[in-house]
Every structure is written in structure tokens, then in C-alpha cells.
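A look at the structure
Here is what each chain is made of, one letter per residue.
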Amino acid sequence: MSNYHKLLNNLESLELYHLKELFPTHLERAIHQELSLTDSLLDLTDKELEYRKKIILEKRLKRANFPFMKGIKDFDFDFQPKLKKTEVMDLITLRFMDTKNNLLFIGNSGVGKTHLATAIGMEAVGRGFSVLFSLSNELIEKLDSSHKKGTLEATLNRYSKYDLLIIDEIGYLPMSSNGANLFFQLINKRYERRSTILTSNIPLSQWTDIFQEKKLTNAIIDRLIHHSKIISINGKSYRMKNYMETKGYLSEEK
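Figured I'd write up the structure that's included with this text. Because the structure is a prediction, the values reported are computed rather than measured. (Residues numbered from 1 in each chain as written. Predicted model: local features only at pLDDT ≥ 70, side-chain atom pairs only at ≥ 80, totals over all residues. Heavy atoms only, no water.)

**What about the pairing of strand β1 (residues 102-107)?**
Put simply, the test is: Any residue under 20% of the maximum accessible area for its type is buried, any over 50% is exposed, and the rest in between are partly exposed; the area is computed with a 1.4 Å probe on protein chains only. Going along the chain from the N terminus, every DSSP run of H or I of four or more residues is numbered as a helix, and every run of E of two or more is numbered as a strand. A pair of strands is treated as paired once DSSP finds two or more bridges between them.
Burial analysis of β1 places six of its six residues in the buried class, the great majority of the element. Along β1, one buried face is formed by Asn-102, Leu-104 and Ile-106 and the opposite face, lined by Leu-103, Phe-105 and Gly-107, is buried too. As paired strands, β1 and strand β4 (residues 195-200) are joined by four bridges and run parallel to one another. Note that in β4 the partner of Phe-105 across the bridge is Thr-199.

Following this line, the structure appears as C-alpha cells:
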């Protein structure tokens, strides 16, 4: 067996599969360009590190449980002219996480609340923060299940440790009294320790309808807005726009 093939076997034994895949082409280039051993190894290891970073990022994005992969570049600000682009772009810097502030996106269904929350979350993942996205009803179901199993404290601790927790669609489905209490415990656990992003189509003034009990509602809102930025989005629905375009209505109007 030649040294070349022994080297390929060594790379496989070391589980450097990507490096093994790159090596034949890299060797051809190194010979053609007469690269030194140092330059050759540097180039090869740079590519391996870049590949590993990509894999780690993909795993983190998957663990974050985003509903889709849409960044801020995919957001159509022209369709929501009342939304200040400079204000949103400042959120993408993640400065709010430095001070453990929260973000609340409030607006009608389909205006882009989830898209913006996801875009910010993806930026946070890209910078190495731990992020989790969850629909509010699914989150409450998991808290309720752990409460029944006697593992609530462990579950609360786990959720409280995420650098950024995104809770989507607050108020989309009714919340039981126990669910509201569990939600308060989670928010209280993260209060002034970690940043949380929430989206809701219900104005804060009507959140009593979500959590049923006025005193508990006030306690939740108090902790959420004490250190927070509230972004109200009053505009048209992207979903309706896409529907109209699919049906050809918009093109007919033009």
C-alpha cells in the first residue's frame, strides 16, 4: 500500500472524513502551485475548521426548533412601511441581550412577527448563543406535563438557561389557570437573567383574557415589560398577499 493510501486510511481512522474527501484535490493543487508544507497544511486545516463550524451551526439551528429558516434579509420592509427598519436592524445587533432585555412583537396575524423573531433568533445562534423557539401552547403543554410528573423544577431550570427563548403566538389559544401559573413561573425564572422574545396578536390591554386572572396577568406583564422593547406592527398580512399573488389577483389589479 502506498503512503498516499495509508494517509487516506489514517484520516479515516481519525474520523477526519471531510479532510479525506478534500485531500486528493488539495494535493493536486499543492503540487501544481508548489505550495510549501506549511501553506498546504494551513489551507487544508482552514477548510476543515470552516466545515466544522458549518456543521456546528447547522446542529444549533436544528436544536433551536425554528419554524423556518428566514433571516432579516428575507423580510419585506416595503410591505410594512409603518415598521421602522432602523429600529429592527438595531435589534439584529443583539444589544438587547447584553442588558437581558425582552422583545414583544404585537400585531395582527400574518404581519411578520414570527419572521422577525426567527431572524433575530437565527442571528443569535450564528453568534454562539443558545436559542429555543416554541409555540406558546406547546411550551405550556411541556410545562404542564413535567408538573404532573414532578419534574417541573428541572424543566423550568432547563428553559431558564437558554440565552434567548422565543415564545410564539401568545393568546392564539386559551390558557388554563394552571397553564397561566406555569407560564408566570417561567417568566419569573428568566426575569433579569435572560432575554425572551414573545409574539402576540393580542394587545397587552387584553392579556387578562389570555391568563384569566387579573393579578397574575399584571405580574406577568410587569416582568415582561420592565426591561423590554415593544414593537407594534400595524400592517397588511403577508399570507393574504401571497394568497392573492398565487391566485393572480394582484397581477390583475396592476
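Don't stop here, the text continues.
**Some details on the pattern of salt bridges**
Rules: In what follows, salt bridge is the name for a side-chain nitrogen of Lys or Arg lying within 4 Å of a carboxyl oxygen of Asp or Glu.
A full pass over the atoms with the stated rule returns 10 salt bridges. Between Lys-47 and Asp-43 there is a salt bridge; the shortest N-O distance is 2.9 Å. Here Asp-43 and Lys-47 lie together in helix α3 (residues 37-64), a separation of four residues that amounts to about one turn. On the accessibility criterion, Lys-47 (36% relative accessible area) is partly exposed. Judged by relative accessible area, which is 18%, Asp-43 ranks as buried. Lys-189 serves as the salt-bridge partner of Glu-153, at 2.6 Å between the closest nitrogen and oxygen. With Glu-153 in helix α8 (residues 152-160) and Lys-189 in helix α9 (residues 177-190), this pair connects stretches of sequence that are 36 residues apart. One connected set of salt bridges, linked through shared partners, spans Arg-29, Asp-43 and Lys-47.

**Observations regarding the nonpolar core**
Within soluble globular proteins, side chains that are nonpolar generally end up buried alongside one another. As a reminder of what qualifies: Buried residues of nine kinds, namely Ala, Val, Leu, Ile, Met, Phe, Trp, Tyr and Cys, make up a nonpolar core once their side-chain atoms join them within 4.5 Å. We call two residues in contact when some of their heavy atoms are within 4.5 Å.
Ranked by internal contacts, the top residues of the largest apolar core, which has 30 residues, are Phe-66, Phe-105, Ile-120 and Ile-197. Of all the secondary structure elements, the ones that give two or more residues to this core are α3, α4 (85-92), α5 (95-98), β1, α6 (113-126), β2 (131-135), β3 (164-170) and β5 (228-233). Looking at this core element by element, the count peaks at seven residues for α6. With sequence-adjacent residues up to four places away left out, Ile-197 is seen in contact with Phe-96, Leu-103, Phe-105, Ala-117, Ile-120, Leu-164, Leu-165, Ile-166 and Ile-167. Counting 29 residues, the second-largest nonpolar core is a separate cluster that includes Ile-140, Leu-143, Ile-202 and Trp-207.

**Points about the pairing of β2**
Buried residues dominate β2, accounting for four of its five residues. As defined by bridge partners, β2 adjoins β3 across five bridges and the pair is classed as parallel. Within β3, the position partnered with Phe-133 by the bridge is Ile-166.

**Let's talk about the environment of Asp-39**
Considering the arrangement of structural elements, one finds Asp-39 in helix α3. Asp-39 gets classed as partly exposed once you look at its relative accessible area, which sits at 41%. In the structure, Asp-39 is positioned 56 residues away from Arg-95 in sequence and 39 Å away in space, judged by C-alpha atoms.

**Focus: the packing of helix α7 (residues 136-149) against α8**
The cut-off we apply is this: Every axis corresponds to a line fitted to the C-alpha atoms, with the helix fit spanning only the stretch in contact, and the corresponding angles, defined between N-to-C directions, vary from 0 to 180 degrees. Gly is put with the polar residues, along with every residue not named as nonpolar or charged; the nonpolar set is Ala, Val, Leu, Ile, Met, Phe, Trp, Tyr, Cys and Pro, and the charged set is Asp, Glu, Lys and Arg.
As a packed pair, α7 and α8 sit with axes 7 Å apart at the nearest point and diverge in direction by 145°. Contact residues: Leu-139, Lys-142, Leu-143, Ser-146 and His-147 in α7; Leu-152, Thr-155, Leu-156 and Tyr-159 in α8. Here the contact of α7 with α8 is composed, by residue class, of five nonpolar, three polar and one charged.

**Describing the environment of Arg-60**
Its place among the elements puts Arg-60 in helix α3. According to the relative accessible area criterion, Arg-60 is partly exposed, its value standing at 34%. In the structure, Arg-60 is positioned 72 residues away from Leu-132 in sequence and 9.5 Å away in space, judged by C-alpha atoms. Non-local contacts of Arg-60, meaning those with residues more than four positions away in its chain, are made with Val-125 and Gly-128.

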